[in-house]
Amino acid sequence: MDFVKRRRMASYTCKEEDREEKAEGFDAKRRDWSSLTEPLLRSVLRRLDSLEDFFAFRGVCRSWRALAAPTPDALSAQLPLILFTRFPAYTEVFYDLGRRRLYRAQLPWRVHSRRSVAYAHGHLITATDPPNSKLLLWNIFSESRIRLPKAPEPFRRVRLSSHPTDPALDCIVVLFAKRSTVLQYCRVGDSLWTIRDWSVLRMVDDMIFFRDNRLYALTATMQLVVMDLAADPKLWLLGDGGGRAAEGHRERWLAESGGELMVLCHRFKGGFDVCRWDSGSCSWVEVLDMGGRTVFLGSMGFAGSIAAAGSGIRGNCIYYVSYRKDAWYVFSLEEQSVEVVYPDSPGLLRGQSPLDPVWVLPSLC
């Protein structure tokens, strides 16, 4: 189902149903939707676990649409989606992990002209190919667009500090590449990127915004570098991280889960070693249980974390994308096992596309 078309068709469908009910002599008073109280409607809304149902709810009438504003509370039951590239049309499609079906996406660009690279705070982050990549943030609920300045330097990863349309949060967008000394950042509305060349970043594996809009970076020796990107940017080191490079890992990603700063170390032999940051000792502590939560990793790193209880998503697991472009992987922290999961749908690229899948977590808007 096309989300955009679904929204346009919702009110029309309701009118058709009303006409059919009148033709069959249906007593309209027995289905007086206007008598539903706001608390009851909110209760219904919080039980909708697919965007198809969410947009159908919004399409009933203006009052329901106003009630169903895309907020974390209204979208709390929404299950994760994954954005794939479809063959041979080379169009992007959403795959619903809960309902195990594809939804065609009418995105305002062509895959050949720009690509989706990440999702954050209700927005797909898209970019054209370098040099001078053009970045666009597209809200999947309102379809509004935010254009960012052309990126003067190459980058491999992008981070958003907060929701980009909330002026009170002062959203910062950061571009960087692993083991590069160059950091590019701007605020939404800026006409140019600010570029910093810090030698300490030559050792950086990953970055994440965590608490108070501060940027945390992980070095190859497992140290944390904290950056305050205010008018007068500053950075400082936290702890020694163990003092040596972690061995046996092909990649290390910073993540946030349940208010904890974590590092996910992807082993060469498969699976992950997981640690949380202990602020008291300024060191990493191994974790064998994530409190039932699930962490999602995309090709650009941390995509989000949700409570998995009753959601159909496995708890204490890391869902991540890797070499295959038509599948995702699930690592169980409890079982120390890795499962490759394929969508129940033909017509995907069967691993041949250069475009990586993108996790879309509607509840983290």
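Relevant structure appears above.
Attention in this report is confined to the structure presented alongside it. Computed from a prediction, not measured in an experiment: that's the story for all the values here.

Scoring rules and cut-offs
Residues numbered from 1 in each chain as written. Predicted model: local features only at pLDDT ≥ 70, side-chain atom pairs only at ≥ 80, totals over all residues. Heavy atoms only, no water. Helix = DSSP H or I, 4+ residues; strand = E, 2+ residues; numbered from the N terminus. Contact = heavy atoms within 4.5 Å. Areas by Shrake-Rupley, 256 points an atom, 1.4 Å probe, with all protein chains shown as cover. Pairing = 2+ DSSP bridges. Axes fitted to C-alpha atoms, helices over the stretch in contact; angles between N-to-C directions. Buried < 20%, exposed > 50% of the residue type's maximum accessible area, 1.4 Å probe, protein only. Polar contact = N/O pair within 3.5 Å; in protein donor to acceptor, adjacent residues only side chain to side chain. Core = buried A, V, L, I, M, F, W, Y, C linked by side-chain atoms within 4.5 Å. Phe/Tyr/Trp six-rings, centres within 6.5 Å; stacked < 30°, edge-to-face > 60°. Salt bridge = Lys/Arg side-chain N within 4 Å of Asp/Glu carboxyl O.

## Looking at the overall build of the protein
And then number 1: Along the backbone of the protein there are 4 helices and 25 strands.
And then number 2: Sequence-distant contacts, at least 24 apart, represent 47% of the contacts inside the protein between residues at least 6 apart.
And then number 3: Total accessible area on the protein stands at roughly 17,800 Å², and carbon and sulfur atoms take up 49% of it.

## Comments concerning the sheet that holds strand 17 (residues 260-267)
And then number 1: Within the open sheet, the 4 strands sit side by side as 16-17-18-19. Their pairing is antiparallel. At either margin of the open sheet sits one strand with a lone partner, and together these are strand 16 (249-257) and strand 19 (283-286). Shown here is a sheet whose adjacent strand axes are inclined to one another by a mean of 30°, direction ignored.
And then number 2: Here 4 bridges tie strand 18 (residues 272-278) to strand 19, and the two strands are oriented antiparallel to one another. By the bridge assignment, Cys 275 is partnered in strand 19 with Glu 286.

## What to know about the pairing of strand 20 (residues 293-298)
And then number 1: For strand 20, the tally of buried residues reaches 5 of 6 residues, placing the bulk of the element in the interior.
And then number 2: Sheet analysis places strand 20 next to strand 21 (residues 301-307), joined by 6 bridges and oriented antiparallel. The partner of Gly 298 across the bridge, within strand 21, is Gly 301.
And then number 3: Turn length for the strand 20-strand 21 hairpin, with the two strands adjacent in sequence and antiparallel, is 2 residues.
And then number 4: Where strand 20 and strand 22 (residues 317-320) come together, 4 bridges link them in parallel fashion. What sits directly across from Phe 296, in strand 22, is Tyr 319.

## Section: the side chain of Arg 267
And then number 1: With respect to the helices, strands and loops of the structure, Arg 267 is situated in strand 17.
And then number 2: At 2.7 Å, the side chain of Arg 267 and the side chain of Gln 336 are in polar contact.
And then number 3: If we ignore the near neighbours within four places in the chain, the residues touching Arg 267 are Gly 248, His 249, Arg 250, Phe 272, Asp 273, Phe 331 and Gln 336.

## Looking at the side chain of Ser 257
And then number 1: Mapped onto the fold, Ser 257 is located in strand 16.
And then number 2: A relative accessible area of 5% means that Ser 257 is categorised as buried.
And then number 3: Side-chain polar atoms of Ser 257 contact the side chain of Ser 305, separated by 2.9 Å.
And then number 4: Leaving out residues up to four positions away in the same chain, Ser 257 has contacts with Met 262, Arg 293, Val 295 and Ser 305.

## Looking at the nonpolar core
And then number 1: Core analysis: the biggest nonpolar cluster contains 28 residues, and Phe 54, Leu 124 and Phe 141 have the highest contact counts within it.
And then number 2: Secondary structure elements with two or more residues in this core: helix 2 (38-45), helix 3 (51-58), helix 4 (62-67), strand 1 (81-86), strand 6 (135-139) and strand 25 (358-360).
And then number 3: Take this core: its biggest share by element is 4 residues, from helix 3.

## Looking at the environment of Leu 137
And then number 1: Structurally, Leu 137 can be placed in strand 6.
And then number 2: C-alpha of Leu 137 to C-alpha of His 123: the two residues are 14 residues apart in sequence and 5.7 Å apart in space.
And then number 3: Once residues within four sequence positions are removed from consideration, Leu 137 is found in contact with His 123, Leu 124, Ile 125, Ser 144, Arg 145, Ile 146, Leu 148, Leu 160 and Pro 164.

## Comments concerning the packing of aromatic side chains
Two aromatic rings, taken as a pair, are described by how far apart their centres are and by the angle between their planes.
And then number 1: For the structure shown, the criterion picks out 16 aromatic pairs.
And then number 2: Note on Phe 55 and Phe 141: the rings are 6.4 Å apart at their centroids and 50° apart in plane angle, and the pair reads as tilted. Of the two residues, Phe 55 is situated in helix 3 and Phe 141 in the loop between strand 6 and strand 7 (145-147); the sequence distance between them amounts to 86 residues.
And then number 3: Here Phe 141 falls in the buried class, since its relative accessible area comes to 4%.
And then number 4: Between Tyr 320 and Tyr 329, the aromatic rings sit 5.3 Å apart at their centres with planes inclined by 20°, giving stacked as the arrangement. With respect to class, Tyr 320 is no different from Tyr 329; both count as buried.
And then number 5: Ring pairs connect the aromatic residues Phe 84, Tyr 95, Phe 296, Tyr 319, Trp 328 and Trp 359, which therefore count as one cluster.

## Some words on the pairing of strand 14 (residues 224-228)
And then number 1: Burial analysis of strand 14 places 4 of its 5 residues in the buried class, the great majority of the element.
And then number 2: Across 4 bridges, the pairing between strand 13 (residues 215-219) and strand 14 is antiparallel. Bridge pairing links Tyr 216 to Val 226 in strand 14.
And then number 3: Taking the residues that link successive antiparallel strands as the turn, the strand 13-strand 14 hairpin has 4 residues, and the phi of Met 222 there is positive, at about 70°.
And then number 4: Looking at chain direction, strand 14 and strand 15 (residues 234-238) are connected through 5 bridges and run antiparallel. In the sheet register, Met 227 faces strand 15, and the bridge partner there is Leu 235.

## Description of the pattern of salt bridges
And then number 1: In the structure shown here, the tally under the stated rule is 20 salt bridges.
And then number 2: We note a salt bridge from Glu 52 to Arg 99, for which the minimum N-O separation is 3.7 Å. A residue pair is termed long-range when its members are at least 10 positions apart, and Glu 52 in helix 3 and Arg 99 in the loop between strand 2 (91-96) and strand 3 (101-104) qualify at 47 residues.
And then number 3: Judged by its relative accessible area of 34%, Arg 99 falls in the partly exposed class.
And then number 4: Asp 278 is paired through a salt bridge with Arg 276; the nearest N and O atoms lie 3.9 Å apart.
And then number 5: For Asp 278, a relative accessible area of 23% puts it in the partly exposed group.

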